[in-house]
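One letter stands for each residue in the lines below.
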Amino acid sequence: MLAHTPPMGWNSWNTFGENISEELIKETADDWIELGLLDAGYQYLVIDDCWAEKTRDKDGLLVPDHSKFPNGMKAVSDYVHSKGLKFGMYSCVGTMTCAGYPGSFEHEFVDAETFASWGVDYLKYDYCYKPHHIPGHILYKRMGMALKNCQKDILFSACNWGADDVYAWIRSTGAHMYRSTGDIEDKWESIRDIALSQMDKDCYNASHCYNDMDMLVVGMYGKGNVGRGGCNDEEYRTHFSLWCMMNSPLMIGCDIRKMGQETLNILTNKELIALNQDPEGRQAYLIDRGNAAYNNVKVLVKPISDGSFGIGFFNMGDTDGRGSLQFWDIGLPSLTGYGFKMRDLWEHENIGVYKENYTCNLKPHHCKVFRAELVKN
Ligand code: GLA
């Protein structure tokens, strides 16, 4: 069975767009291992759109771009596997992919066989050029069925941007994760808007089928395909914390070959990743205090399988803010004799035991994330 926890990996799109090649993939895989990203949990190396020739061959099969991948995809896949990583690729429900390469419409079963023969472990499946006469859920069911029956375990990563009421039907397609928003851009406003749009969707996120809030932009600093001005490290920390708390898959989007130490520190924060990879797979829920003074600071609470909680305070606004959690609001009445032992997951330190509530001040776009363990006073 696949996707016991939110999938973790890297995808070529955010930085490289159409500028992909066998060489890039090999260099990425090499540095991935050296940097310890596999040890941190990142496993799936995914080639996004623009990998194929513009036409199928005479038998109707997809053909890798000869100049980008001169040795074919099996060679790339073998290399990726030799590093202990898993290999992902991309196609689309429509007649063409979003960038205009052949889509899998009416070729679902043969394409699944092709991907299986190349050793593909993960398929991202996009929504462009969708034929109008067939509902989206049928198109995802087709590929879901094809993948489940191609004699190879292939993780199914749906990508229809939250369109057509996807929350209602995506689990029925066999998808292991599903994109719930439009494309992320490497700027604070994009991170903020995506996160805010999914804070009421915690009931649609669970083990084996996760709400995918799109690939990470951590460490892009405005460079590459979706670079739009970039963010600072504090904003990238908030971005990563939100994705961890909200149980999104964690797909790195920056250039791994050029990753600096601070980016690596963010992406390999083990205590944050542990919240994301908790086996119960619950997305954090939003504490709605209905109090205007606190409105810019979102308080998220993620129930963890061992009885503790991930608790995050996120200043989504552009002015200083104050975050506050009354423990009563997460189910702890005042007179129980219990409190929460709080551990700051960015400072990596225990800050003490709190009874009844916790309050903190936050600069714009900053966050604090804790693991809170129930203790008897
Ligand atoms: C869509 C997807 C992106 C990316 C591109 C590729 O926009 O949402 O994540 O895959 O297509 O063309």
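Note that this is a predicted model, so its numbers are computed, not measured.

Around the ligand, a shell composed of Trp13, Asp48, Asp49, Tyr90, Cys98, Ala99, Lys124, Asp126, Cys159, Trp161, Arg179 and Asp183 is seen. One of the side-chain N or O atoms of Asp48 is found 2.7 Å from an oxygen atom in the ligand. Within the side chain of Lys124, one N or O atom sits 2.8 Å away from an oxygen atom of the ligand.

So, on to the packing of helix H2 (residues 22–34) against helix H3 (residues 72–82). Look at H2 against H3: their axes get within 9 Å of each other, and the N-to-C directions meet at 5°. What the angle tells us is that H2 and H3 run roughly parallel. Residues Glu22, Ile25, Lys26, Ala29 and Asp30 of H2 form the contact with H3, whose own contacting residues are Val76, Tyr79 and Val80. Across the contact of H2 with H3, the residue classes tally to five nonpolar, no polar and three charged.

It is worth spelling out the pairing of strand E15 (residues 357–362) at this point. Residue alternation in E15 divides its side chains into a buried set, Tyr358, Cys360 and Leu362, and an unburied set, Asn357, Thr359 and Asn361. Where strand E12 (residues 321–326) lies against E15, six bridges are found, and the strand directions are antiparallel. The residue of E15 that forms the bridge with Arg322 is Asn361.

By way of backbone hydrogen bonds, the strands of a sheet pair with one another, either parallel or antiparallel. Spatially, E9-E10-E11-E16-E13-E14 is the arrangement adopted by the six strands of the open sheet, whose pairing is antiparallel. Unpaired on one side and paired on the other, strand E9 (285–287) and strand E14 (349–354) mark the two borders of the sheet. Averaged over all neighbouring strand pairs, the angle between strand axes comes to 30°, with direction disregarded. Pairing analysis gives three bridges linking E9 to strand E10 (residues 297–303), with the strands arranged antiparallel.

Attention now goes to the pairing of strand E13 (residues 338–344). Looking along a regular strand, one sees the side chains alternate between the two faces of the sheet. Relative to strand E16 (residues 367–376), E13 is paired through seven bridges, and the arrangement is antiparallel. Directly across from Gly339, in E16, lies its bridge partner Val375. Pairing geometry for E13 and E14, over five bridges, is antiparallel. Bridge pairing in E14 places Lys341 opposite Val353. Taking the residues between adjacent antiparallel strands as the criterion, E13 and E14 are bridged by four residues, where His348 takes a positive phi near 55°.

Summed over all chains, the structure comprises one disulfide. The disulfide that involves Cys98 links it to Cys128, with 2.1 Å between the sulfurs. Because the torsion about its S-S bond is 95°, the bridge between Cys98 and Cys128 counts as right-handed. Of this pair, Cys98 sits in the loop between strand E3 (86–92) and helix H4 (108–117) while Cys128 sits in the loop between strand E4 (122–126) and helix H5 (136–148), and the two are 30 residues apart along the sequence. Using a relative accessible area of 31% as the deciding quantity, one classes Cys98 as partly exposed. Residue Cys128 is classed as buried on the basis of its relative accessible area of 17%.

Evaluation of the coordinates by the stated rule reveals 20 aromatic pairs. Each ring, one from Tyr140 and one from Phe156, has its centre 6.1 Å from the other, and the planes form 40°; the classification is tilted. With Tyr140 in helix H5 and Phe156 in strand E5 (residues 155–159), this residue pair connects regions lying 16 residues apart in the sequence. In terms of burial, Tyr140 and Phe156 fall into one category: buried. Members of the aromatic cluster, connected to one another through ring pairs, are Tyr125, Tyr127, Tyr140, Phe156, Trp161 and Trp169. Looking at Lys54, its charged tip hangs above the ring of Tyr101, at a distance of 4.7 Å from the centre. Stacked on the ring of Tyr167, the Lys or Arg Lys201 has its end atom at 5.2 Å from the ring centre.

This brings us to the packing of helix H7 (residues 188–197) against helix H8 (residues 233–245). Relative orientation of the contacting elements H7 and H8 amounts to 20°, with a least axis distance of 11 Å. Taken together, the axes of H7 and H8 lie roughly parallel to each other. Where H7 crosses over H8, the two elements pack in a sense that is left-handed. Here H7 contributes Trp188, Ile191, Ile194 and Ala195 to the contact with H8, which in turn contributes Glu235, Thr238, His239, Leu242 and Trp243.

Considering all chains together, one arrives at 24 salt bridges under this definition. We note a salt bridge from Arg192 to Asp193, for which the minimum N-O separation is 3.0 Å. One salt bridge connects Arg343 with Glu271, and the closest N-O pair in it is separated by 2.6 Å. In this pair, Arg343 is assigned in strand E13 and Glu271 in helix H10 (residues 270–276), connecting sequence segments 72 residues apart. Overall, the relative accessible area of 25% leaves Arg343 in the partly exposed class.

Cut-off values and rules
- Residues numbered from 1 in each chain as written.
- Predicted model: local features only at pLDDT ≥ 70, side-chain atom pairs only at ≥ 80, totals over all residues.
- Heavy atoms only, no water.
- Near = heavy atom within 4 Å.
- Polar contact = N/O pair within 3.5 Å; in protein donor to acceptor, adjacent residues only side chain to side chain.
- Axes fitted to C-alpha atoms, helices over the stretch in contact; angles between N-to-C directions.
- Helix = DSSP H or I, 4+ residues; strand = E, 2+ residues; numbered from the N terminus.
- Parallel < 35°, antiparallel > 145°, perpendicular 65-115°, else oblique.
- Contact = heavy atoms within 4.5 Å.
- Nonpolar A, V, L, I, M, F, W, Y, C, P; charged D, E, K, R; others polar.
- Buried < 20%, exposed > 50% of the residue type's maximum accessible area, 1.4 Å probe, protein only.
- Pairing = 2+ DSSP bridges.
- Disulfide = S-S within 2.5 Å.
- Phe/Tyr/Trp six-rings, centres within 6.5 Å; stacked < 30°, edge-to-face > 60°.
- Lys NZ or Arg CZ within 6 Å of the ring centre and 35° of its normal.
- Left-handed = near helix turned anticlockwise from the far one by under 90°.
- Salt bridge = Lys/Arg side-chain N within 4 Å of Asp/Glu carboxyl O.

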